[in-house]
Amino acid sequence: MWSSLTRSCSDHPVGKDPQAMRTGQRQNKGMRTRLGCLSHKSDSCSDFTAILPDKPNRALKRLSTEEATRWADSFDVLLSHKYGVAAFRAFLKTEFSEENLEFWLACEEFKKTRSTAKLVSKAHRIFEEFVDVQAPREVNIDFQTREATRKNMQEPSLTCFDQAQGKVHSLMEKDSYPRFLRSKMYLDLLSQSQRRLS
């Protein structure tokens, strides 16, 4: 009885937009799938391969040692490579700080918005998810940046998150990125790609 009661309550949430809920459910399902292999805190290459954009074995074959080595050249090189982003995301999950990367990626996607109507709704969604105080995936930014971004929400534009995105980028670059390069996950990945060549 309890399960049918909770199911009927969740099927008819009060004041929720059905379209937004369906989108959220799809995103949650994808996230649950990706998180499946990371249910325990670890730092291994297998955690990275489980959330690769392609099939893991095929993806690892495509990933050359040269590409993986280049991720150490700069943080922006890492962010420009889809497997680099996937590996860094997997690493951040082990540190429980993936919201920083997710926010940065959301901002990058937001900048491609062409429709004014969509721009406003997307801006508010990003603000509520990542920037607002007590947001579900609140990023670590200072009070002034948070308030400046809040003011930008009065008239959202393609640049309304630039300051906050810059702070988060800088935080990841100085803090998480060096740890990623020293991590067992990244070192394992390099050695696996080198073994394939030998």
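Looking at an unreviewed UniProt entry, one finds the protein chain named Regulator of G-protein signaling 8 and attributed to Daubentonia madagascariensis.

Bringing helix H9 (residues 116-131) into the picture now. Helix length check: H9 (16 residues) gives 21 Å between terminal C-alpha atoms against 22 Å at 1.5 Å per residue, within 8%. For H9, the complete set of buried residues consists of Leu119, Ala123, Ile126, Phe127, Phe130 and Val131. The arc enclosing the buried residues of H9, seen along the axis, measures out at 100°, which places them on a common side. Exposed residues lying more than 90 degrees from the buried face of H9 are Ala117, Lys118 and Glu128. Structurally, H9 contributes buried residues whose contacts are with helix H8 (98-110) and helix H10 (143-152).

As a further point, take the packing of H8 against helix H11 (residues 162-182). At their nearest, the axes of H8 and H11 sit 10 Å apart, and the two run at 140° to each other. Here H11 runs oblique to H8, going by the angle between their axes. Viewed along their axes, H8 and H11 form a crossing whose handedness is left-handed. Each of Asn100, Leu101, Phe103, Trp104, Cys107 and Glu108 in H8 lies in contact with H11, whose residues at this interface are Ala164, Gln165, Val168, His169, Leu171 and Met172.

Time to look at the side chain of histidine 81. Mapped onto the secondary structure, histidine 81 falls in the loop between helix H6 (75-79) and helix H7 (82-94). Histidine 81 gets classed as buried once you look at its relative accessible area, which sits at 19%. A polar atom in the side chain of histidine 81 sits 3.4 Å from the side chain of glutamate 67.

Okay, the packing of aromatic side chains next. Under the definition given, this model contains nine aromatic pairs. Between the aromatic rings of phenylalanine 75 and phenylalanine 88, the centroid separation amounts to 5.4 Å while the plane-to-plane angle is 70°, which identifies the pairing as edge-to-face. Here phenylalanine 88 lies in helix H7 and phenylalanine 75 lies in helix H6, a separation of 13 residues in the sequence. Per residue, the accessibility class of phenylalanine 75 equals that of phenylalanine 88, and both read buried. Ring geometry for phenylalanine 75 against tyrosine 177: centres 5.1 Å apart, planes inclined by 50°, an arrangement best described as tilted. With phenylalanine 75 in helix H6 and tyrosine 177 in helix H11, the pair connects residues that are 102 residues apart, well separated along the chain. Residue phenylalanine 75 is classed as buried on the basis of its relative accessible area of 0%. For tyrosine 177, a relative accessible area of 7% gives the class buried.

Procedures and definitions
Along each chain, residues carry numbers from 1 onward, in the same order as the chain's sequence is written. The predicted origin of the model limits local features to residues at a pLDDT of at least 70 and limits the giving and counting of side-chain atom pairs to 80 or more, whereas totals for whole chains, interfaces and linings rest on all residues. To obtain the side-chain values, all non-hydrogen atoms of the structure were included, while hydrogens and water were left out. The way it works is that DSSP assigns letters per residue, a run of H or I at least four long becomes a helix, a run of E at least two long becomes a strand, and they are numbered from the N terminus. A helix is expected to reach a length of 1.5 Å times the quantity of its residues less one. Partly exposed residues are those whose accessible area sits between 20% and 50% of the maximum for their type, while under 20% is buried and over 50% is exposed, using a 1.4 Å probe and protein chains only. For this quantity, the arc is that covered by the directions from the helix axis to the C-beta atoms. In this description, contact between two residues means that some pair of their heavy atoms is separated by no more than 4.5 Å. In this analysis an axis means a line fitted to C-alpha atoms, helices contributing only their contacting stretch, and an angle means the value between N-to-C directions, from 0 to 180 degrees. Should an angle fall under 35 degrees it is called roughly parallel, over 145 degrees roughly antiparallel, and 65 to 115 degrees roughly perpendicular, with every other angle called oblique. Two helices crossing with the near one rotated counterclockwise from the far one by less than a right angle form a left-handed crossing, whereas a clockwise rotation gives a right-handed crossing. Within 3.5 Å is the distance limit for a polar contact, defined as a pair of N or O atoms, with the added protein rule that one can donate a hydrogen and the other accept it, and that residues adjacent in sequence qualify only through two side-chain atoms. Each aromatic pair joins two rings of Phe, Tyr and Trp (for Trp, the six-membered one) with centres within 6.5 Å, and gets the label stacked for planes under 30 degrees apart, edge-to-face for over 60, and tilted for any other angle.

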